[in-house]
Amino acid sequence: MSMLATVATLRATQTGRAQPLATVRHHHLDDRPFVLVPLTLAGEACAPLAALAGTDPDHPTLLTVRRPRDRVQRFRFVEELAALMLPYVEGCQTEAETYTVGRGEKAEEHERFCRAPQLLVPNGEGIAYVRRLGRLTRLRSADGPHAVHPDVPTLGKWLTWFEGRAEFPGSSAMLAVSRVLTAHWATGQSSAEDSHLAALVAWIDPPEGRTGAETAREAENPLVWPPAGPATDTGFDAVLDDLLTRFAEAEGRVRERLGERIDRALCDQLRPTWDLVWRGVGLARALPEGGHVEERWTSDRRRFSDYAAYLEEHGHPQGKRDRAVGAARRLGMLEDDTSRYQTQRAYDDPLVMAEYELSGEAFSGTVVARDESRFVPGAKYPRWRPTITVRSERLVRLTVGTKVTSPGRLRQPAAIIGLTPHEGVHLVTVELSGGFANQRKPPAPEATLAETGETVTYTTLGVDSRPAKLPAEENTPWTHGGPPVPYEPTDQDAEEEWA
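Residues numbered from 1 in each chain as written. Predicted model: local features only at pLDDT ≥ 70, side-chain atom pairs only at ≥ 80, totals over all residues. Heavy atoms only, no water.

1. Considering the overall build of the chain
Line of reasoning, step 1. Along the backbone of the chain there are 14 helices and 17 strands.
Line of reasoning, step 2. Across the 499 residues of the chain, 47% fall into the buried class.
Line of reasoning, step 3. Restricting to contacts in the chain with at least 6 residues of sequence separation, those with at least 24 account for 69%.
Line of reasoning, step 4. Accessible area of the chain: about 25400 Å², with a carbon and sulfur share of 50%. (Helix = DSSP H or I, 4+ residues; strand = E, 2+ residues; numbered from the N terminus. Buried < 20%, exposed > 50% of the residue type's maximum accessible area, 1.4 Å probe, protein only. Contact = heavy atoms within 4.5 Å. Areas by Shrake-Rupley, 256 points an atom, 1.4 Å probe, with all protein chains shown as cover.)

2. Notes on the sheet that holds strand 7 (residues 119-121)
Line of reasoning, step 1. Ordered in space as 4-3-2-7-8, the five strands form an open sheet in which the pairing is mixed. A single partner strand is all that each edge strand has here, and the edge strands are strand 4 (61-64) and strand 8 (174-176). The average angle at which neighbouring strand axes cross in this sheet is 20°, direction not considered.
Line of reasoning, step 2. Packed onto the sheet, helix 3 (residues 124-137) meets strand 2 (34-40), strand 3 (48-54), strand 7 and strand 8 and runs at close to 140° relative to strand 8.
Line of reasoning, step 3. Lying on the sheet, helix 10 (residues 252-285) is in contact with strand 2, strand 3, strand 4 and strand 7; it crosses strand 2 at an angle near 140°. (Pairing = 2+ DSSP bridges. Axes fitted to C-alpha atoms, helices over the stretch in contact; angles between N-to-C directions.)

3. Observations regarding the pairing of strand 13 (residues 387-392)
Line of reasoning, step 1. The element strand 13 is largely enclosed, with a buried count of five among its six residues.
Line of reasoning, step 2. Pairing between strand 10 (residues 362-371) and strand 13: five bridges, direction antiparallel. Opposite Ala-369, over in strand 13, you have Thr-389 as the bridge partner.

4. Concerning the pattern of salt bridges
Line of reasoning, step 1. The full count for this structure, using the stated rule, is 23 salt bridges.
Line of reasoning, step 2. A salt bridge links Glu-289 to Arg-25; the nearest nitrogen and oxygen atoms lie 3.6 Å apart. Separated by 264 residues along the polypeptide, Glu-289 in the loop between helix 10 and helix 11 (293-313) and Arg-25 in the loop between strand 1 (19-20) and strand 2 bring together distant segments of the chain.
Line of reasoning, step 3. By relative accessible area, which is 35% here, Glu-289 ends up partly exposed.
Line of reasoning, step 4. Taking the relative accessible area as the measure of exposure, Arg-25 reaches 8% and is therefore buried.
Line of reasoning, step 5. Salt-bridge contacts for Glu-214 lead to Arg-210; the nearest nitrogen and oxygen are separated by 3.9 Å.
Line of reasoning, step 6. Looking at Glu-214, the relative accessible area reads 35%, which means it is partly exposed.
Line of reasoning, step 7. By sharing partners, the salt bridges in this structure join Glu-97, Arg-112 and Arg-301 into a single network. (Salt bridge = Lys/Arg side-chain N within 4 Å of Asp/Glu carboxyl O.)

5. Examining the nonpolar core
One broad rule of soluble globular proteins: the nonpolar side chains tend to lie buried together.
Line of reasoning, step 1. Counting residues in hydrophobic clusters, the biggest one holds 48 residues, and the most contacted among them are Leu-181, Leu-197 and Leu-266.
Line of reasoning, step 2. Ranked by residue count, the leading element in this core is helix 10, at 12 residues.
Line of reasoning, step 3. Residues within four places of Leu-266 in sequence aside, it is in contact with Leu-39, Leu-49, Ala-50, Thr-64, Phe-236 and Leu-240. (Core = buried A, V, L, I, M, F, W, Y, C linked by side-chain atoms within 4.5 Å.)

6. Describing the state of the cysteines
Line of reasoning, step 1. Tallied over the full model, the rule gives zero disulfides.
Line of reasoning, step 2. In this structure Cys-114 is not part of a disulfide, and its nearest cysteine sulfur, from Cys-92, lies 11 Å away. (Disulfide = S-S within 2.5 Å.)

7. Some points on helix 4 (residues 151-166)
Line of reasoning, step 1. The terminal C-alpha atoms of helix 4, which comprises 16 residues, lie 22 Å apart, in line with the 22 Å expected from a rise of 1.5 Å per residue.
Line of reasoning, step 2. Counting buried positions along helix 4 gives 14 out of 16 residues, so the element sits mostly inside the fold. (Expected span 1.5 Å × (residues − 1).)

8. A look at the packing of helix 7 (residues 197-204) against helix 8 (residues 212-219)
When two helices pack together, their arrangement is captured by the angle between the axes and the distance separating the axes.
Line of reasoning, step 1. Where helix 7 meets helix 8, the closest approach of the two axes is 7 Å, and the angle between their N-to-C directions is 165°. Our classification of the angle between helix 7 and helix 8 gives roughly antiparallel. In the crossing of helix 7 with helix 8, the sense of the turn from one axis to the other is right-handed. For the pair helix 7 and helix 8, contact is made by Ala-198, Ala-199, Ala-202 and Trp-203 and by Gly-212, Ala-213, Thr-215, Ala-216 and Ala-219, respectively.
Line of reasoning, step 2. Looking at the contact of helix 7 with helix 8 residue by residue, the classes come out as seven nonpolar, two polar and no charged. (Parallel < 35°, antiparallel > 145°, perpendicular 65-115°, else oblique. Left-handed = near helix turned anticlockwise from the far one by under 90°. Nonpolar A, V, L, I, M, F, W, Y, C, P; charged D, E, K, R; others polar.)

9. Regarding the packing of aromatic side chains
Line of reasoning, step 1. Across all of its chains, the model carries 11 aromatic pairs by this definition.
Line of reasoning, step 2. For the pair Trp-161 and Phe-304, a centre-to-centre distance of 6.1 Å together with 55° between the ring planes defines the contact as tilted. In this pair, Trp-161 sits in helix 4 while Phe-304 sits in helix 11, placing the two residues 143 residues apart along the sequence.
Line of reasoning, step 3. The buried category is assigned to Trp-161, whose relative accessible area is 9%.
Line of reasoning, step 4. An angle of 15° between the planes, with centres 6.2 Å apart, marks the rings of Trp-161 and Tyr-307 as stacked. With a gap of 146 residues between them, Trp-161 in helix 4 and Tyr-307 in helix 11 connect regions that are remote in the sequence. Of the two residues, Trp-161 and Tyr-307, neither departs from the other in class, the shared state being buried.
Line of reasoning, step 5. One aromatic cluster in this structure is built from Phe-113, Trp-158, Trp-161, Phe-162, Phe-304, Tyr-307 and Tyr-310.
Line of reasoning, step 6. One cation-aromatic arrangement involves Arg-112 over Tyr-99; the distance from NZ or CZ to the ring centre is 4.3 Å.
Line of reasoning, step 7. Positioned above the aromatic ring of Phe-168, the side-chain terminus of Arg-165 is 4.8 Å from the ring centre. (Phe/Tyr/Trp six-rings, centres within 6.5 Å; stacked < 30°, edge-to-face > 60°. Lys NZ or Arg CZ within 6 Å of the ring centre and 35° of its normal.)

That's the geometry; what it means functionally is another story.
Below is the structure:
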């Protein structure tokens, strides 16, 4: 936990109300997300029991499995979920736009869809459920003795893609609402308790005249607010077991009525969480969107377009394990995405940047002087290198020679060339080496250089951040197994996933 989050947590404990960790929203929230609230059978790794799913907050679709240990019933549940989710995914593929990669002769035109699907689940356990369900379905075959409906493996491939994108902090393709809220507010409870969506929302948005701490204690009562899934409450398990047993033994109209009772009981467990998911979305939407959120969502749209094209051209499911180059590329992308996401959050949000000021990776201050006529010797001719002097009220822990950048002028490389304590404050001299609209001599274009009296921030975040270059998979060296053979799932692979 960061220093700022620790202070916010302590303050939340003192006041009984959640404290903000951000001033803007750092996740994209689609106007029409697909929400999935799952419920699993107790004691089973991924036996679907029920789910509420859909895009309409007021009219969710209830899916139930009245015989959850029956594998035929399980696949029928997946078919019903696919009938809801696949049209939603396909509906995002109707319109496309052209974009250019590279410059000059190397420029290439590509297409990406104007929309991308967004899958929302209540908490991190919901993401784990999607991962397991994707693994259990994407390797199934639509032919042969154990054939399933063709939509089952297709849905499994998309679920695996969604879960894979959820690993990247900069992606909004799949989000756990509890994680979105805890990224923007600190509560006075533990991180494990924050996964209980009812308690978390109670801290952030308690009723008038009450504290979040008081409301959260009441929300933890499973009779008032059932768990946010996918696990069931132990008290409900006893009721459900009795209903399922009687349903299996009954016949005719009695069996039909028991089935309706099972559906109502499951819906009663799921509906409070469904409403909480949309309430949490509303709380997050109330925050203004950060400046780089749209850029990251554009990346999600591009990756969605690429994967849709891959499925149309090849259709092979993701393998059980990544190949050598694929795993290294994924790890490199994850590291690069994490670094970029942390940097962009700080650039978009002064409250996040304050954390880096506390850790010594950034400083803020007021411009007290600037030198527009400064030149330094060059190989062929003197180079124009103007400077600004920043007066910082806090201790500056960066050293002379450190490369920095300003969130307000991202294309203006800078470096600290002077650091002087002065009357209890620090005077930092920053040399600017670009971002002058291609000018090589003064005067600088208007607003290019910070004005005297302007408040500026400089940080080391994002400086010299470049992803590693890796060979294509077909060029995998022999030391790492050589070029991989395209993965073809077998019935044995699918059965192992069910085991």
